[in-house]
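Residues per chain, in single letters:
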Amino acid sequence: MQFDRVTTGSELQSEINITPLVDVVLVLLIIFMVVVPLLLQGYDVETPRASADAAPAQAEELQVILRIGPEACNIVAPLATDGLPADCRVTLAEQEIPAAELPARVAEMLGGRPADGRVLFLAADDRLNYEGVLRIVDLAKTRVDDLTIAFIAND
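Residues numbered from 1 in each chain as written. Predicted model: local features only at pLDDT ≥ 70, side-chain atom pairs only at ≥ 80, totals over all residues. Heavy atoms only, no water.

A. Molecular detail of the pattern of salt bridges. Inspection of the entire model under this criterion finds five salt bridges. With its nearest N and O atoms 3.9 Å apart, the salt bridge here joins Glu71 to Arg127. Remark: Arg127 occurs in the loop between strand 4 (119–124) and helix 4 (130–141) and Glu71 occurs in the loop between strand 1 (64–68) and strand 2 (89–92); sequence separation between them is 56 residues. (Salt bridge = Lys/Arg side-chain N within 4 Å of Asp/Glu carboxyl O. Helix = DSSP H or I, 4+ residues; strand = E, 2+ residues; numbered from the N terminus.)

B. Summary view of the environment of Gly112. Looking at where Gly112 falls in the secondary structure, it is placed in the loop between helix 3 (102–110) and strand 4. On the basis of relative accessible area, Gly112 is assigned to the exposed category, the value being 78%. Considered as a pair, Gly112 and Val144 are 32 residues apart in the sequence and their alpha carbons are 9.5 Å apart. (Buried < 20%, exposed > 50% of the residue type's maximum accessible area, 1.4 Å probe, protein only.)

C. Looking closely at the pairing of strand 3 (residues 95–98). Where strand 2 meets strand 3, four bridges bridge the pair, whose relative direction is antiparallel. Bridging across to strand 3, Arg89 finds its partner in Pro98. Between strand 2 and the antiparallel strand that follows it, strand 3, lie two residues; Ala93 among them carries a positive phi value of about 55°. (Pairing = 2+ DSSP bridges.)

D. Geometry of the sheet that holds strand 1. The five strands are arranged 3-2-1-4-5 in an open sheet whose pairing can be described as mixed. The sheet is open, and its two edges are formed by strand 3 and strand 5 (148–151), each paired on a single side. Taking the axes of each pair of neighbouring strands and ignoring which way they run, one obtains an average angle of 30° across the sheet. The pairing of strand 1 with strand 2 spans two bridges and is classified as antiparallel. (Axes fitted to C-alpha atoms, helices over the stretch in contact; angles between N-to-C directions.)

Printed below as a string of structure tokens:
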């Protein structure tokens, strides 16, 4: 006796449906057709021309650096008085000067510059008392209007 096999709809389909594949390929083709002419055309960019020799020399001349170290100005501990120690010395533009002369020297160096060029770079040791450094900065700003203070890493 032989049984007839009844086929139900649960057999696996072994064919690949290529319709979604064709859709994706056509979209990619359209994207490449639009992008390739843009890449070949390019863009005109005007870059500024400057000589590499003159820029660093001018930048060094324009920078006025105020260095405060614990060896020249002992303000490591909190200050007991309102002013700075009498023997406090700072380095301004590679010249060591007494802190009392700082307003006149900063005004001499930066007073004639335009407002956006009045920048004093400050390099203070990390061990110094913050209040003492602020007193020196306030002293440097007394005779120059619109003075900008920029902090730099101390070497």
